[in-house]
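What the coordinates show
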Amino acid sequence: MTPRPEQDPGAPRAPRNELDQWLGLDPDPRLPDVVRQRIHEQLAAEDDRMLDAVLGLDVVDRPVDLADRVRAAVRADARRRRFRPVGWVAVAAAASLLLAASMGWNPRGRSAESAGGSAGGAVAALDGPSAELLAALPLLESLEFLEQELDPFEQEVALLVDPGDAVFLELLELGG
Amino acid sequence: MTPSKDPARRPQSAAASDVPSDRGAELMVAWQRGDEQAFHELVETYSGQVYALLTRFLGRRHPRREDLVQETFLRLVRAKDRYTVSARFSTWLYTIVWRLCINETERSRSRQELSLDGAGEDGPGFELPESLELDPFVGVARADVIREVRAAIAALPDNQRIAMVLARYHSLSFAEIADVVGSTDKAIKSLIHRARETLRARLQPLFEREAI
């Protein structure tokens, strides 16, 4: 039973107010909880559907010939890996050659020196003056003397004269 | 979420028998037996998916996406003999991709830090222009929506982004995603829920505009 609204017995009767009070007793219409839950679920599902649809707009296109380029890269890598052992062998061979060359350098130089400089060549020259160079020293000294003591014409004549021209030298000496 | 050391040997939660038909696994086994054509088909079938995953995770501005697709398949070649059919092939493949993504993200971050250190030279905001890769016939309004979707995905944290992308665009289950990223089903479920909430909040205004 709904209680009747309290009324002041002394107050004048106001039918309109009384009606409003009566109507105010009627509660707001409410959906049952089960139904409300179902509506919430449907709204959430609809939101999910919309979200998925919007996300579906983002499409990634595969670049043209991507698969071909991938296969080419794989082939190139396989080739590289196949030749890697060969590369290591080549490096090892080069290293051993270098080692052999560095070990052979000094003995050859020394042997050239001990052999009197005939076979040493440029390598022997680094270790010291060769025998040929030492033998040529007097001649170089003579040339220096000629340059200092004679005029250019006499230098030219002197350089043209062969030491075997004994007669000519005698004549030169007699004439000088 | 760190992946285990060797995806080929890591126990997978989804058994092979759970997978009714896995063309990738079939091709992989055929290739192991010496069928080179099977490898060609693998590349043909999966290179696009790998590219799409890298694009959605790293973003369209990332210049090395195609190199990373090649790197993925090079790693696949090297792991060929260790592969055993224990899960969907794509799950195994995406594990390789995810690892590359982590490496690349870390590299990009350190590069970014370096460029910020040298801000006086190149300027802090130096970036490649974004390539929209949109169909020229896509309308301006639709292009805006797509741009917004991409920005929303890019703004997600790394772990939420990879989980959401694998679930939404590559149809992986929670268990499979957990295998890929080295996590648990429960954690993945939570990550995807949070990612979707974030996306819904950001993209809600587009729902009415698009009226899908």
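If you're wondering where the values come from, they're calculated on a predicted model, not measured in any experiment.

When its secondary structure is counted, chain B shows 9 helices and 0 strands. Along chain B, helices and strands appear, N-terminal first, in the series α-α-α-α-α-α-α-α-α. Classification of the 212 residues of chain B by burial places 34% in the buried group.

Scanning chain A for helices and strands turns up 7 helices and 0 strands. Order of helices (α) and strands (β) in chain A, N terminus to C terminus: α-α-α-α-α-α-α. Evaluated residue by residue, chain A yields a buried proportion of 5% over its 176 residues.

Let's shift gears to the interface of chain B and chain A. Counting residues at the interface gives 29 residues for chain B and 20 residues for chain A. Residue assignment for the side of chain B that touches chain A shows that the elements contributing at least two residues are α2 (36-58), α3 (65-78), α6 (140-154) and α9 (185-210) of chain B. Here the side of chain B that touches chain A gets 9 residues from one element, more than from any other, and that element is α2 of chain B. Looking at the side of chain B that touches chain A residue by residue, the class counts come to 15 nonpolar, 5 polar and 9 charged.

What follows deals with the nonpolar core. Residue and element names in this part refer to chain B. By size, the foremost hydrophobic cluster in this structure holds 55 residues, and its most contacted members are Leu54, Leu93, Val97, Ala163, Leu166 and Ile177. Looking at this core, you find at least three residues from each of domain 1 (8-124) and domain 2 (137-206). If we ignore the near neighbours within four places in the chain, the residues touching leucine 166 are Tyr94, Leu172, Ile177 and Val180.

One non-glycine residue, aspartate 65 of chain A, lies in positive phi territory at about 65 degrees. When you line up the elements, aspartate 65 of chain A lands in the loop between α2 (33-55) and α3 (66-114). Judged by C-beta crowding, with 10 C-beta atoms within 10 Å, aspartate 65 of chain A ranks as exposed. Unusually for a residue other than glycine, serine 171 of chain B sits at a positive phi of about 55 degrees. Tracing the backbone shows serine 171 of chain B in the loop between α7 (158-170) and α8 (174-181). For serine 171 of chain B, a count of 9 C-beta atoms within 10 Å puts it in the exposed group.

Between its first and last C-alpha atoms α2 of chain B spans 31 Å; for 23 residues at 1.5 Å apiece the expected length is 33 Å, and the two agree. Tyrosine 46 of chain B marks the point of greatest bend in α2 of chain B, at about 40 degrees.

Take the environment of tyrosine 51 of chain B next. Its place among the elements puts tyrosine 51 of chain B in helix α2. When the C-alpha atoms of tyrosine 51 of chain B and arginine 65 of chain B are compared, they prove to be 6.7 Å apart, with 14 residues separating the residues in sequence.

What follows concerns the confidence of the model for chain B. All names here are of chain B. Overall, the prediction assigns chain B a mean pLDDT of 82, with 77% of residues at 70 or greater. Counting interchain partners and residues more than four positions distant, the pLDDT-below-50 stretch residues 7-19 has 25 contacts. Segment residues 118-131 is flagged for pLDDT under 50; beyond a separation of four residues in sequence, or across chains, it makes 10 contacts in the model. For this predicted complex, the interface confidence comes out at an ipTM of 0.76, alongside a pTM of 0.62.

Let us now look at helix α1 (residues 23-32) of chain B. Residues and elements named next belong to chain B. For α1, the set of buried residues is Gly24, Ala25, Leu27, Met28 and Trp31. Along the axis of α1, the buried residues cluster in a sector spanning 160 degrees; they form a single face. Among the residues trailing α1, glycine 34 stands out with phi positive, at a value near 110 degrees.

This part takes up the environment of isoleucine 102 of chain B. Residues and elements named next belong to chain B. With respect to the helices and strands, the residue isoleucine 102 is situated in helix α4 (residues 89-117). For isoleucine 102, a count of 17 C-beta atoms within 10 Å puts it in the partly exposed group. Along the backbone, isoleucine 102 and leucine 58 are 44 residues apart, and their C-alpha atoms lie at a distance of 9.8 Å.

Once that is clear, we can look at the packing of α1 of chain B against α2 of chain B. Residues and elements named next belong to chain B. Contact geometry of α1 with α2 gives a least axis separation of 8 Å together with a crossing angle of 150 degrees. Between α1 and α2, the interaxial angle falls into the category roughly antiparallel. In the packing of α1 onto α2, the handedness of the crossing is left-handed. Of the residues in α2, those in contact with Arg23, Gly24, Leu27, Met28, Ala30 and Trp31 of α1 are Ala38, Phe39, Glu41, Leu42, Thr45 and Tyr46. Residues belonging to the contact of α1 with α2 are distributed by class as follows: 8 nonpolar, 2 polar and 2 charged.

Cut-offs applied
- Residues take numbers from 1 onward in each chain, read along the sequence in its written order.
- Following the order in which they are written, the chains are lettered starting with A and the ligands numbered starting with 1.
- It should be noted that, the model being predicted, local features are given only for residues of pLDDT at least 70 and side-chain atom pairs only at 80 or more, the latter also being counted only at that level, while totals for whole chains, interfaces and linings use all residues.
- Only DSSP runs of H or I covering at least 4 residues are called helices, and only runs of E covering at least 2 are called strands; the numbering of each starts at the N terminus.
- Burial is judged by counting the other C-beta atoms within 10 Å of a residue's own C-beta: 20 or more makes it buried, 12 or fewer makes it exposed, and any count in between marks it as partly exposed, with every C-beta position built from the backbone.
- Residue pairs qualify as contacts under a 7 Å threshold applied to their C-beta atoms, which are placed from the backbone.
- Gly falls in the polar group here, along with every residue not listed as nonpolar (Ala, Val, Leu, Ile, Met, Phe, Trp, Tyr, Cys, Pro) or charged (Asp, Glu, Lys, Arg).
- Joined through C-beta atoms within 7 Å, a set of buried Ala, Val, Leu, Ile, Met, Phe, Trp, Tyr and Cys residues constitutes a nonpolar core.
- Domain boundaries shown here were taken from an automatic or database domain assignment.
- Helix span is expected to be 1.5 Å times the residue number reduced by one.
- Values of bend correspond, residue by residue, to the angle between axes fitted over the seven residues ending at that residue and the seven starting there.
- What pLDDT conveys is the predictor's confidence in a given residue, as a value from 0 to 100.
- For this quantity, the arc is that covered by the directions from the helix axis to the C-beta atoms.
- For helices, the fitted line uses only the C-alpha atoms of the stretch in contact; every axis is such a line through C-alpha atoms, and the angle between N-to-C directions lies from 0 to 180 degrees.
- Any angle that falls under 35 degrees is termed roughly parallel, while one over 145 is termed roughly antiparallel, one within 65 to 115 roughly perpendicular, and all others oblique.
- In this scheme the handedness of a crossing depends on how the near helix is turned from the far one: anticlockwise by less than a right angle means left-handed, clockwise means right-handed.

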